[in-house]
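This is what each chain is made of:
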Amino acid sequence: MIFFDVKGQETIKRCMEIAAAGGHNIILIGPPGAGKTMLAKRLPSILPPMTLQEALETTKIHSVVGKIKNQGLISVRPYRSPHYTISDVALVAGGQYPQPGEISMAHNGVLFLDELPEFKRSVLEFMHQPLEDREVTISRTKFTVTYPASFMLVASMNPSSSGYFNDGKGGSSVTPFEMQRYLGKISGPLLDRIDLHVEVEPVPFDKLSDKRPAESSEAIRRRVTAARKIQTQRFDKINNTHYNAQMSSRQIRKFCPLDEDSSALLKSAMERLSLSARAYDRILKVSRTLADLQGQENITNDHIAEAIQ
Ligand SMILES: Nc1ncnc2c1ncn2[C@@H]1O[C@H](COP(=O)(O)OP(=O)(O)O)[C@@H](O)[C@H]1O
Ligand SMILES: [Mg+2]
């Protein structure tokens, strides 16, 4: 399969490759028709295969829900894309005898939330804790259950309620207030947990009609898989950590050491852009993935610079 058969969008394809390689959360922001949904739907074609350990974990969860009929091990990464009308119970978990929700069904795979601001605010708020802890705990008076929920979040949104950037090209009717209100539905804490924020611009017509084939999904998937293999080895002895996005702050300190140059570069960017501690960790995790994609042991200036972008 040709990746996407997506024309142009080289930067976005690169971002999706990075996201797939390190399992990073990613949000695509752009006007209607820019190709956000299409890009997200084609992500599975470049995802690395599951390791045995991941397959066992995922199969266990799916068998709790009774979705497995003598099918044996699940070997394909889950890809879940619930509609924005979904309830918090169905998304996160719940009920009198709590069943795993969509976020647990997506364990070790992808959860795609198309049109993120359309989801109910309460539903999105329920996502904070699992995004942080990579598992979800439900308490009832007599018992507590914990389900794993370590997934790659892929989200899409329009830059404003009318769908356009406030650039005078049709977006001029959107007041800053309206835009703020729309974006305000997505809380800071949620955005803070998304490693890659990408603006998607529509591809101009002449590029769309370009007949040259895009790079194949197979070629991209090979790079992604090679980068993921390095991560599997890195976290071999560590329970519940298989790829870079899952690193805790402590693991980040350990596995993402910086030389003096890169450390200085990151420090100045932090000050210039007044970034949070979370953003700092995010940049380090993404840098680690960029180095892994090149098969490099050490994170360098270039990796930090690209991650900041
Ligand atoms: N770069 C592209 N290459 C090929 N087709 C594209 C591209 N961008 C958009 N399209 C086409 O435009 C249509 C709208 O894309 P869609 O993913 O629904 O946009 P969005 O979700 O951003 O509103 C789709 O049918 C898709 O096939
Ligand atoms: Mg769409």
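Described in the following lines is the structure provided in the data block. Predicted, not measured: the structure shown is a model, and the values here were computed from it.

## Examining the overall build of the protein chain
Part 1: The helix and strand inventory of the protein chain stands at 14 helices and 9 strands.
Part 2: Partitioning the intrachain contacts of the protein chain with sequence separation of at least 6 by distance along the chain shows that 73% fall at a separation of at least 24.
Part 3: Accessible surface, the protein chain as shown: approximately 15600 Å² in total, 52% of it carbon and sulfur.

## Section: the layout of surface pockets
Part 1: Space inside the largest pocket adds up to approximately 740 Å³.
Part 2: Lining the largest pocket are 32 residues, and of these Leu131, Glu132, Asp133, Arg134 and Gln246 lie nearest its centre.
Part 3: Of all the secondary-structure elements, those providing two or more residues to the lining of the largest pocket are helix H3 (52–64), helix H6 (121–133), strand S7 (144–148), helix H11 (249–255) and helix H13 (277–293).
Part 4: Per-element tally for the lining of the largest pocket: the top contributor is H3, with 5 residues.
Part 5: Residue classes in the lining of the largest pocket are distributed as 9 nonpolar, 10 polar and 13 charged.
Part 6: Two domains each provide a minimum of three residues to the lining of the largest pocket, namely domain 1 (10–208) and domain 2 (247–308).
Part 7: A volume near 450 Å³ is recorded for the second largest pocket.
Part 8: Lining the second largest pocket we find 20 residues, and of these His197, Glu306, Ala307, Ile308 and Gln309 sit closest to its centre.
Part 9: Elements with a contribution of two residues or more to the lining of the second largest pocket: helix H1 (10–22), strand S9 (196–199), H13 and helix H14 (301–308).
Part 10: Per element, the largest residue contribution to the lining of the second largest pocket is 5 residues, and it comes from H13.

## Here's the deal with the pattern of salt bridges
Part 1: Counted under the stated rule, the structure contains 16 salt bridges.
Part 2: For arginine 80, the salt bridge goes to glutamate 102, with nearest N and O atoms at 2.7 Å. A residue pair is termed long-range when its members are at least 10 positions apart, and arginine 80 in strand S2 (residues 79–80) and glutamate 102 in helix H5 (residues 102–105) qualify at 22 residues.
Part 3: Put simply, glutamate 271 and lysine 267 hold a salt bridge, and the shortest N to O gap is 3.7 Å. Of the two residues, glutamate 271 and lysine 267 are both situated in helix H12 (residues 260–272); the distance of 4 residues between them amounts to about one turn of the helix.
Part 4: Exposure remark for glutamate 271: the relative accessible area of 56% places this residue in the exposed category.
Part 5: On the basis of relative accessible area, lysine 267 is assigned to the exposed category, the value being 52%.
Part 6: Three or more residues joined by partner-sharing salt bridges are found here, namely Glu132, Asp192, Arg193, Arg278 and Arg282.

## A short note on empty space enclosed by the protein
Part 1: Throughout the structure, instances matching the rule amount to 3 cavities of 30 Å³ or more.
Part 2: Approximately 60 Å³ is the volume attributed to the largest cavity.
Part 3: Lining the largest cavity, in full, are Ala20, Gly23, Leu47, Arg77, Asn108, Gly109, Val110, Met152, Arg228 and Tyr243.
Part 4: Taken together, the residues that form the lining of the largest cavity break down as 5 nonpolar, 3 polar and 2 charged.

## What to know about a nonpolar patch on the surface
Part 1: On the surface, Leu52, Leu56 and Leu73 cluster together into a nonpolar patch covering about 290 Å² of accessible area.
Part 2: Note on placement: leucine 52 falls in helix H3.

## What about the packing of aromatic side chains?
Part 1: Within the structure shown, the criterion is met by 3 aromatic pairs.
Part 2: Aromatic side chains tyrosine 84 and phenylalanine 119 sit 6.4 Å apart centroid to centroid with 75 degrees between the ring planes, which places their arrangement in the edge-to-face category. In this pair, tyrosine 84 sits in the loop between S2 and helix H4 (88–92) while phenylalanine 119 sits in the loop between strand S5 (110–113) and H6, placing the two residues 35 residues apart along the sequence.
Part 3: Under the relative-accessibility criterion, tyrosine 84 is labelled partly exposed at 31%.
Part 4: Taking the relative accessible area as the measure of exposure, phenylalanine 119 reaches 1% and is therefore buried.
Part 5: A centroid spacing of 5.3 Å and a plane angle of 85 degrees characterise the contact between phenylalanine 235 and phenylalanine 255, whose relative ring orientation is edge-to-face. On the criterion of sequence distance, the pair formed by phenylalanine 235 in the loop between helix H10 (217–234) and H11 and phenylalanine 255 in helix H11 is long-range, its members being 20 residues apart. Neither residue differs from the other here; phenylalanine 235 and phenylalanine 255 are each classed as buried.

About the criteria used
Residues numbered from 1 in each chain as written. Chains lettered and ligands numbered in written order. Predicted model: local features only at pLDDT ≥ 70, side-chain atom pairs only at ≥ 80, totals over all residues. Heavy atoms only, no water. Helix = DSSP H or I, 4+ residues; strand = E, 2+ residues; numbered from the N terminus. Contact = heavy atoms within 4.5 Å. Areas by Shrake-Rupley, 256 points an atom, 1.4 Å probe, with all protein chains shown as cover. 1 Å grid on protein atoms, 1.4 Å probe; cavity = no way out; pocket = protein on both sides within 12 Å on 5 of 7 lines; lining within 4 Å. Points joined across faces, edges and corners; volume = space filled by probe spheres on them. Nonpolar A, V, L, I, M, F, W, Y, C, P; charged D, E, K, R; others polar. Domains from an automatic or database assignment. Salt bridge = Lys/Arg side-chain N within 4 Å of Asp/Glu carboxyl O. Buried < 20%, exposed > 50% of the residue type's maximum accessible area, 1.4 Å probe, protein only. Patch = residues over 30% accessible without salt bridge, like charges linked within 9 Å, V, L, I, M, F, W, Y side chains within 5 Å. Phe/Tyr/Trp six-rings, centres within 6.5 Å; stacked < 30°, edge-to-face > 60°.

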